[in-house]
Amino acid sequence: MKLIVEKNYNNLSKRAADILGAMVREKPDCVLGLATGSTPLGIYRELIKMNQREGLDFSRVKTFNLDEYCGLSKSDPQSYHYYMEHNFFSRINIKPENTFIPDGNCEDVALECERYDQAIEAHGGLDILLLGLGRNGHIGFNEPSAQLSLDTHLV
């Protein structure tokens, strides 16, 4: 693991966007794992700039998001479908069919988790994953615990 420390949020956002952008340039059909929340907003803004100003091409990129709230429709402003569409996807040249987010409105959570894991596997796994680390040490919605689950699961 390589730890990179930046002076401030803007520098962090640019550095992380540069790393993700390099992955997209190196492997135009890469599979990105993406996070939500406040931390990645600056990164998404930088990637949007790279797309619009430098022609960073997302047309073949696939994305898998870390999480979604159970019980929310895709159009609910509190859903991560809405968050990603509003803050990132609608502002770059990514194909909607290449963006994957768990279905928070599914009837069977265990089945949806299994389906999601299979979809990631079918696309060759994640090439790079953007994660946020919370003040209490949580990664994504995975709260600190003695055990970590490697597969998609309900938290």
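Residues numbered from 1 in each chain as written. Predicted model: local features only at pLDDT ≥ 70, side-chain atom pairs only at ≥ 80, totals over all residues. Heavy atoms only, no water.

## Focus on the packing of aromatic side chains
Formally: Note on aromatic contacts: the rings of Phe and Tyr and the six-membered ring of Trp form a pair at centre separations within 6.5 Å, being stacked when their planes are under 30 degrees apart, edge-to-face when over 60 apart, and tilted otherwise. Helix and strand labels come from DSSP, where a helix needs a run of H or I of at least four residues and a strand needs a run of E of at least two; each type is numbered from the N terminus.
Enumeration over the complete set of coordinates arrives at seven aromatic pairs. With centroids separated by 5.8 Å and ring planes inclined at 85 degrees, the aromatic side chains of Phe 58 and Phe 88 adopt a geometry described as edge-to-face. Here Phe 88 lies in the loop between helix H3 (80-87) and strand S3 (99-100) and Phe 58 lies in the loop between helix H2 (41-54) and strand S2 (62-65), a separation of 30 residues in the sequence. Taken together, the ring pairs connect Tyr 44, Phe 58, Phe 88 and Phe 89 into an aromatic cluster.

## Observations concerning the nonpolar core
As a reminder, the rule being used: By nonpolar core is meant a set of buried Ala, Val, Leu, Ile, Met, Phe, Trp, Tyr and Cys residues that side-chain atoms within 4.5 Å join together. Relative accessibility decides the category of a residue: with a 1.4 Å probe and only protein chains considered, values under 20% of the type maximum give buried, values over 50% give exposed, and everything between is partly exposed. Contact between two residues is taken to exist if any of their heavy atoms lie within 4.5 Å; hydrogens are not considered.
Residues Leu 32, Tyr 44, Leu 47, Phe 58, Met 84 and Phe 88 are the most contacted members of the largest nonpolar core, which totals 25 residues. Those elements giving two or more residues to this core turn out to be helix H1 (9-26), strand S1 (31-34), H2 and H3. With sequence-adjacent residues up to four places away left out, Leu 47 is seen in contact with Ala 17, Leu 20, Gly 21, Leu 56, Phe 58 and Phe 88. Among the nonpolar cores identified, the runner-up in size contains six residues, and Phe 64, Phe 100, Tyr 116 and Ala 119 belong to it.

## Comments concerning the sheet that holds S1
Two pairing modes exist for strands in a sheet, parallel and antiparallel, and in both the strands are linked by backbone hydrogen bonds. Formally: Strand pairing is assigned whenever DSSP detects at least two bridges linking the two strands.
With parallel pairing, the four strands of this open sheet are ordered in space as S3-S2-S1-S4. The outermost strands of the open sheet, each flanked by one partner alone, are S3 and strand S4 (128-129). With two bridges joining them, S2 and S3 adopt parallel strand pairing. Among the inter-strand pairings, Thr 63 is bridged to a residue of S3, identified as Thr 99.

## What to know about a nonpolar patch on the surface
For the record, the criterion: Exposure above 30% relative accessible area and no salt bridge define the residues that can form patches, which grow by joining like charges within 9 Å and nonpolar side chains of Val, Leu, Ile, Met, Phe, Trp and Tyr within 5 Å. Working definition of accessibility: Shrake-Rupley area with a 1.4 Å probe, residue cover restricted to the visible protein chains. For this document, the term salt bridge refers to a Lys or Arg side-chain nitrogen within 4 Å of an Asp or Glu carboxyl oxygen.
There is a patch of nonpolar side chains on the surface, built from Leu 66, Leu 126, Leu 129, Leu 131, Leu 133 and Ile 139 and spanning about 500 Å² of accessible area. By the secondary structure assignment, Leu 126 is in the loop between helix H4 (109-122) and S4.

## Some words on the pattern of salt bridges
Two side chains that carry opposite charge are able to pair once their charged atoms sit near each other. The tally for this structure, following the rule as stated, stands at five salt bridges. The shortest N-O distance in the salt bridge between Glu 6 and Arg 15 comes to 3.0 Å. The class of Glu 6 is partly exposed, set by a relative accessible area of 25%. Lys 49 is the salt-bridge partner of Glu 46, the closest N and O atoms lying 3.4 Å from each other.

## Side note on the side chain of Asp 67
Our working definition: Only four residue types enter the tally: Lys and Arg on the positive side, Asp and Glu on the negative side; His and the chain ends are excluded. The term polar contact refers here to a pair of N or O atoms within 3.5 Å; inside protein, the definition further demands a hydrogen-donor-capable atom paired with an acceptor-capable atom, and it admits residues adjacent in sequence only when both atoms are side-chain atoms.
Checked against the element boundaries, Asp 67 lands in the loop between S2 and H3. An unpaired buried charge is present at Asp 67: no salt bridge exists, and Arg 115, the closest side chain of opposite charge, is 13 Å distant. Here the side chain of Asp 67 touches Thr 36 through a polar contact of 3.2 Å, side chain to side chain.

## Remarks on H3
Just so we agree on the cut-off: As used here, the arc is the angular range of directions from the helix axis to the C-beta atoms.
Residues Tyr 80, His 81, Tyr 83, Met 84 and Asn 87 constitute the buried set of H3. Buried residues of H3, seen end-on, are gathered within an arc of 165 degrees and therefore sit on one face of the element. On the buried face of H3, the contacting elements are S1, H2 and S2. Where H3 starts, the residue carrying a side-chain oxygen 3.1 Å from the main-chain nitrogen of Tyr 82 turns out to be Ser 79.

## With respect to the packing of H1 against H2
To be explicit about the condition: The axes used here are C-alpha line fits, helices contributing only the stretch in contact, and every angle between their N-to-C directions lies in the interval 0 to 180 degrees. When describing relative orientation, an angle under 35 degrees is termed roughly parallel and one over 145 degrees roughly antiparallel, while 65 to 115 degrees is termed roughly perpendicular and anything else oblique. Definitions for this section: a left-handed crossing has its near helix turned counterclockwise from the far helix by less than a right angle. A right-handed crossing has that turn clockwise. The nonpolar class holds Ala, Val, Leu, Ile, Met, Phe, Trp, Tyr, Cys and Pro. Asp, Glu, Lys and Arg form the charged class, and all remaining residues, Gly among them, are polar.
Closest axis-to-axis distance for the H1/H2 pair is 8 Å, and the angle between their directions is 50 degrees. As the angle between them shows, H1 and H2 are arranged oblique. In this structure, the crossing between H1 and H2 has a hand that is right-handed. Counted together, Tyr 9, Ser 13, Lys 14, Ala 16, Ala 17, Asp 18, Leu 20, Gly 21 and Arg 25 of H1 and Leu 41, Gly 42, Ile 43, Arg 45, Glu 46, Leu 47, Met 50 and Glu 54 of H2 form the full contact between these two elements. Class assignment for the residues of the contact of H1 with H2 results in eight nonpolar, three polar and six charged.

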